[in-house]
Amino acid sequence: MSRQTYRKEKNQLIYTQQHLANERTYLAWIRTVISIVGVGFLATSLHFTMGVTRNPFVDVFTVALGIFACIFGLAVIFSATQNYKTKRQQIINETFTPSNMHITLISSMLAVMIIMVIIYFFMIM
């Protein structure tokens, strides 16, 4: 092991709080994914178990909402994992770059999902 590598590994003890904060953030993203997929599953399952008059367009839209929630959840998992790894490396290298694109993309997709839920509620009225 080179001297520089040993020094960087030894210095990581100083950054324990940052590593732990990075892990907490990652786990928060995982909880968010569980909520997102749960909303999609709930909307889909409630739609098909309620005694509402069937409309083929609303049925397809509801299934699309559930599928979108699952795909969105997968995208967030992959994005959060990549962001976690990037932040870990940045902590090790003692650099920092904010993740604006990550936040903007997920916020935009969440806004689309909320709009889909609102449209669904107007369609079943």
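Residues numbered from 1 in each chain as written. Predicted model: local features only at pLDDT ≥ 70, side-chain atom pairs only at ≥ 80, totals over all residues. Heavy atoms only, no water.

Here is the rule we go by: UniProt positions are given in the numbering used here, feature names are shortened, and annotations may be inferred rather than shown by experiment.
An unreviewed UniProt entry annotates the chain as Membrane protein originating from Planomicrobium stackebrandtii. You can read under Subcellular location (unreviewed entry) in the UniProt record for the chain the words "Cell membrane".

1. Here we look at the overall build of the chain
To keep it simple, the criterion reads: Under the scheme used here, helices are H or I runs from DSSP no shorter than 4 residues and strands are E runs no shorter than 2 residues, and both carry numbers assigned from the N terminus. We call a residue buried when its accessible area falls under 20% of the maximum for its residue type, exposed when it is over 50%, and partly exposed in between, using a 1.4 Å probe and counting protein chains only. Two residues qualify as a contact provided that any one of their heavy atoms is within 4.5 Å of a heavy atom in the partner residue.
For the chain, the count of helices and strands is 4 helices and 0 strands. Ordering the α and β elements of the chain from the N terminus gives α-α-α-α. Every one of the 125 residues in the chain was classed for burial, and the buried ones make up 27%. Sequence separation of 24 or more characterises 73% of the internal contacts of the chain that already satisfy a separation of 6 or more.

2. Focus: the UniProt feature "transmembrane region" (unreviewed entry) in the chain
Sites flagged by UniProt as "transmembrane region" (unreviewed entry) map to residues 26-48, 60-80 and 101-123. End-to-end, the C-alpha atoms of residues 60-80 are 30 Å apart, and along that stretch the chain is 100% helix and 0% strand.

3. Some points on the packing of helix α2 (residues 16-49) against helix α3 (residues 56-93)
Relative orientation and spacing of two packed helices are given, respectively, by the angle between their axes and the distance between those axes. Formally: The angle between two axes is taken between their N-to-C directions and runs from 0 to 180 degrees, where each axis is a line fitted to C-alpha atoms and a helix contributes only its stretch in contact. Orientation is classified from the angle alone, with under 35 degrees giving roughly parallel, over 145 giving roughly antiparallel, 65 to 115 giving roughly perpendicular, and any other angle giving oblique. By the convention adopted, Pro, Cys, Tyr, Trp, Phe, Met, Ile, Leu, Val and Ala count as nonpolar, Lys, Arg, Asp and Glu as charged, and the other residues, Gly among them, as polar.
Running from N to C, α2 and α3 point in directions that differ by 175°, and their axes come no closer than 8 Å. Classed by the angle they form, the pair α2 and α3 counts as roughly antiparallel. Among the residues forming the contact of α2 with α3, the class breakdown is 20 nonpolar, 10 polar and 4 charged.

4. Overview of the environment of Arg31
Mapped onto the elements of the fold, Arg31 is located in helix α2. Here the alpha-carbon distance between Arg31 and Ile77, two residues 46 residues apart in the chain, equals 10.0 Å.

5. Considering a nonpolar patch on the surface
So the rule is basically this: Like-charged residues are merged into a patch within 9 Å and nonpolar side chains (Val, Leu, Ile, Met, Phe, Trp, Tyr) within 5 Å, provided each residue has over 30% relative accessible area and no salt bridge. Only the protein chains shown count as covering a residue, and every accessible area follows the Shrake-Rupley method with a 1.4 Å probe. Salt bridges are counted wherever a side-chain nitrogen of Lys or Arg sits within 4 Å of a carboxyl oxygen of Asp or Glu.
There is a patch of nonpolar side chains on the surface, built from Leu110, Ile114, Ile118, Phe122 and Met125 and spanning about 570 Å² of accessible area. For Ile114, the position within the fold is in helix α4 (residues 100-124). Among the residues examined, Ile114 registers a relative accessible area of 46% and is labelled partly exposed.

6. Some remarks on unusual backbone geometry
For Glu94, which is not glycine, the phi torsion reads 60° and is therefore positive. As for its placement among the helices and strands, Glu94 is situated in the loop between α3 and α4.

7. Remarks on the environment of Val63
Tracing the backbone shows Val63 in helix α3. Assessed through its relative accessible area of 35%, Val63 is described here as partly exposed. Put simply, Val63 and His47 are 16 residues apart on the chain and 9.4 Å apart in space, counted from C-alpha to C-alpha.

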